[in-house]
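# Chain and residue survey
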Amino acid sequence: MRLQQLLTREFLTFLIVGVVNTLFGTAIMLVLYNVFGCSYWVSSFCDYFFGSILSYFLNKRYTFHYQGTDMGSILKFALNIVVCYLIAYSLALPLTRMALQSLALSKPVVENVAMLVGTVLFMLINYLGQKFFAFHKNTM
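Procedures and definitions
- Residues numbered from 1 in each chain as written.
- Predicted model: local features only at pLDDT ≥ 70, side-chain atom pairs only at ≥ 80, totals over all residues.
- Heavy atoms only, no water.
- Helix = DSSP H or I, 4+ residues; strand = E, 2+ residues; numbered from the N terminus.
- Contact = heavy atoms within 4.5 Å.
- Patch = residues over 30% accessible without salt bridge, like charges linked within 9 Å, V, L, I, M, F, W, Y side chains within 5 Å.
- Areas by Shrake-Rupley, 256 points an atom, 1.4 Å probe, with all protein chains shown as cover.
- Salt bridge = Lys/Arg side-chain N within 4 Å of Asp/Glu carboxyl O.
- Buried < 20%, exposed > 50% of the residue type's maximum accessible area, 1.4 Å probe, protein only.
- Phe/Tyr/Trp six-rings, centres within 6.5 Å; stacked < 30°, edge-to-face > 60°.
- Lys NZ or Arg CZ within 6 Å of the ring centre and 35° of its normal.
- Core = buried A, V, L, I, M, F, W, Y, C linked by side-chain atoms within 4.5 Å.

## As for the side chain of S43
Residue placement: S43 occurs in helix α3 (residues 40-63). Those residues within four positions of S43 in sequence are excluded, and the remaining contacts are M29, L32, Y33, C38 and M115.

Here it is in structure tokens:
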């Protein structure tokens, strides 16, 4: 796949929406974890629960220009978020632990880094899920 094909206007819009959504969700996640003492999983789940609501409306309208308002698109979007979340955050923590094991960092530091790694992994696989599953347009 060529770089030109990857860097479409749709993908760039997705990245911009992703930055807005990521800043919003990451703020929620880090405050819950560091200020309120919620666990890694609760904090990251709340990030994607509230961030997904914002993401659905922004990506539906501005990225994919999806006209449907049916329950099917909402359910497919929600399923996509759950699958991407489970994949990203299940991989992020063990990968981060492995990468940082020689640094002897505290558990909270490692989990903060893992949450940020999970955010990046999530964004990458979420684009594919939204494009080809949640907001896929059937063309004749």
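## Quick word on a nonpolar patch on the surface
A cluster of nonpolar side chains, namely L79, V83, I87, L91, L95, M98 and F133, defines an oily patch on the protein surface of about 610 Å² accessible area. The greatest single-element share of the nonpolar patch, amounting to six residues, is contributed by helix α4 (residues 71-100). Along the chain, F133 falls in helix α5 (residues 107-134). F133 sits in the partly exposed class, given a relative accessible area of 35%.

## Quick notes on unusual backbone geometry
What is expected of a backbone is that most residues other than glycine have negative phi and most peptide bonds are trans. Of note, the phi angle at A104 is positive, near 50°, even though the residue is not glycine. Here A104 is to be found in the loop between α4 and α5.

## Examining the environment of F24
With respect to the element layout, F24 can be found in helix α2 (residues 9-34). Placed 93 residues apart in sequence, F24 and V117 show a C-alpha to C-alpha distance of 16 Å. Setting aside residues no more than four positions away along its own chain, F24 makes contact with F50, G51 and L54.

## Things to note about the pattern of salt bridges
The full count for this structure, using the stated rule, is two salt bridges. With a closest N to O distance of 2.5 Å, K131 and E10 form a salt bridge. Remark: E10 occurs in helix α2 and K131 occurs in helix α5; sequence separation between them is 121 residues.

## Thoughts on the packing of aromatic side chains
Tallying each qualifying case throughout the model produces 16 aromatic pairs. Aromatic rings pair up to connect F11, F14, Y56, F57, F64, F77, Y127 and F135 into one cluster. Directly above the aromatic system of F132 lies the positively charged group of K131, at a separation of 5.7 Å from the ring centroid.

## Observations regarding the nonpolar core
Formed by 24 residues in total, the largest nonpolar core has its most connected members in Y40, F77, Y89, F122 and F135. Of all the secondary-structure elements, those providing two or more residues to this core are α2, α3, α4 and α5. Ranked by residues supplied to this core, first place goes to α4 with eight residues. Setting aside chain neighbours within four positions, we find F122 in contact with Y48, I81, C84, Y85 and A88.

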